[in-house]
Amino acid sequence: MALPQVNSSKYSTKLPSTNEVIEFRPYLVKEEKILMIAIESKDQKQMVRAMQDVIKACVYNDIDVKKLTTFDLEWMFIQLRAKSVGERVDLKLKCTACESVNNIGVNLEEIYIENPKEMSNVINFSDTIGITVKHPSIDDIADLEKDAESMDGILEIMAKSVETIFDEENVYNAKDEGLAEVTKFLENLNSGQFKKLTDYYSSIPTVKAKLDFKCRSCGEENELEVKGLQNFFT
Ligand SMILES: [Zn+2]
């Protein structure tokens, strides 16, 4: 016999990269279990996979969770967390003056997407040679072969987000050339050229909150900016 469903609340939010209205339900015990196991693993890839699975289970729209941008995933996860567990998270923040740790309650509703200045996806390395890039997708990061924090890992993410390489005569499709070739191309940039690429990545939006608190030890008025999903959930 089909038992009654206890939970049927529905919420909506806008997907940051497209402004599409997304309807979702809070996550339930079965999904929380997936997240807990991933958090305990301390493995970034497993964490990303778990968030993808939970978003997929809770969102009513037909979206491809593999193609979400990193900030879409961050945003959706915060909305889900707020409606599922509660809007408040406790952060341990260091005072900028005396470095003592303060416990600060943050309302997840105060988190917004910071959109730094929008940058062209066409990057020119010389008069004739350049690339077009896209924001890395969740899968680019979840499928990473190297450690995401290492230089090799960063290069891999960059190589995966290159769409085309062009010169005066040709446009080469990065997918056709293969990851190894694109990586080699990036490794042959000089530092000035490479900076153009890192500037593009630092312009990728991220979740952010401005937090003001008075230090309990020294009384300093702190004004902090907290950025990136991992800093809201550790
Ligand atoms: Zn202090």
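These figures come from a predicted structure and were not determined experimentally. (Residues numbered from 1 in each chain as written. Predicted model: local features only at pLDDT ≥ 70, side-chain atom pairs only at ≥ 80, totals over all residues. Heavy atoms only, no water.)

So, the coordination of the zinc ion
Here is step 1 of the chain: In this structure, C95 (SG), C98 (SG), C215 (SG) and C218 (SG) serve as the protein donors to the zinc ion, at separations of 2.3 to 2.4 Å.
Here is step 2 of the chain: Coordination at the zinc ion comes from 4 donor atoms whose angles at the metal span 105 to 114°, giving a geometry best classed as tetrahedral.
Here is step 3 of the chain: Summarised as a motif, the one-chain spacing of the donors to the zinc ion is C-x2-C-x116-C-x2-C. A residue pair is termed long-range when its members are at least 10 positions apart, and C98 in the loop between β3 (88–94) and β4 (101–107) and C215 in the loop between β10 (206–214) and β11 (221–227) qualify at 117 residues. (Donors = N, O, S within 2.8 Å, 3.2 Å for Na, K, Ca; no water. Tetrahedral: all angles 85-135°; square planar, octahedral: opposite > 155°, others 65-115°. Helix = DSSP H or I, 4+ residues; strand = E, 2+ residues; numbered from the N terminus.)

Quick notes on the sheet that holds β11
Here is step 1 of the chain: Within the open sheet, the 3 strands sit side by side as β5-β10-β11. Their pairing is antiparallel. Only two strands of the sheet have a single partner each, and these edge strands are β5 (112–114) and β11. Within the sheet, the average angular offset between the axes of one strand and its neighbour, ignoring direction, is 40°.
Here is step 2 of the chain: Lying over the sheet, helix α3 (residues 70–84) contacts β5 and β10, oriented at roughly 55° with respect to β10. (Pairing = 2+ DSSP bridges. Axes fitted to C-alpha atoms, helices over the stretch in contact; angles between N-to-C directions. Contact = heavy atoms within 4.5 Å.)

Observations regarding the pattern of salt bridges
Here is step 1 of the chain: The tally for this structure, following the rule as stated, stands at 14 salt bridges.
Here is step 2 of the chain: Residue D139 pairs with R49 through a salt bridge whose shortest N-O separation is 3.5 Å. Here D139 is found in helix α4 (residues 138–142), whereas its partner R49 is found in helix α2 (residues 44–58), with 90 residues between them in sequence.
Here is step 3 of the chain: Here D139 falls in the buried class, since its relative accessible area comes to 14%.
Here is step 4 of the chain: Note on R49: relative accessible area 33%, which makes it partly exposed. (Salt bridge = Lys/Arg side-chain N within 4 Å of Asp/Glu carboxyl O. Buried < 20%, exposed > 50% of the residue type's maximum accessible area, 1.4 Å probe, protein only.)

Considering the environment of C58
Here is step 1 of the chain: Take C58: it is sitting in helix α2.
Here is step 2 of the chain: Spatially, the C-alpha atoms of C58 and K10 are 9.6 Å apart, while their sequence positions differ by 48 residues.
Here is step 3 of the chain: With residues up to four places along the chain from it excluded, the contact list for C58 reads E23, F24, R25, P26, Y27, E31 and L80.

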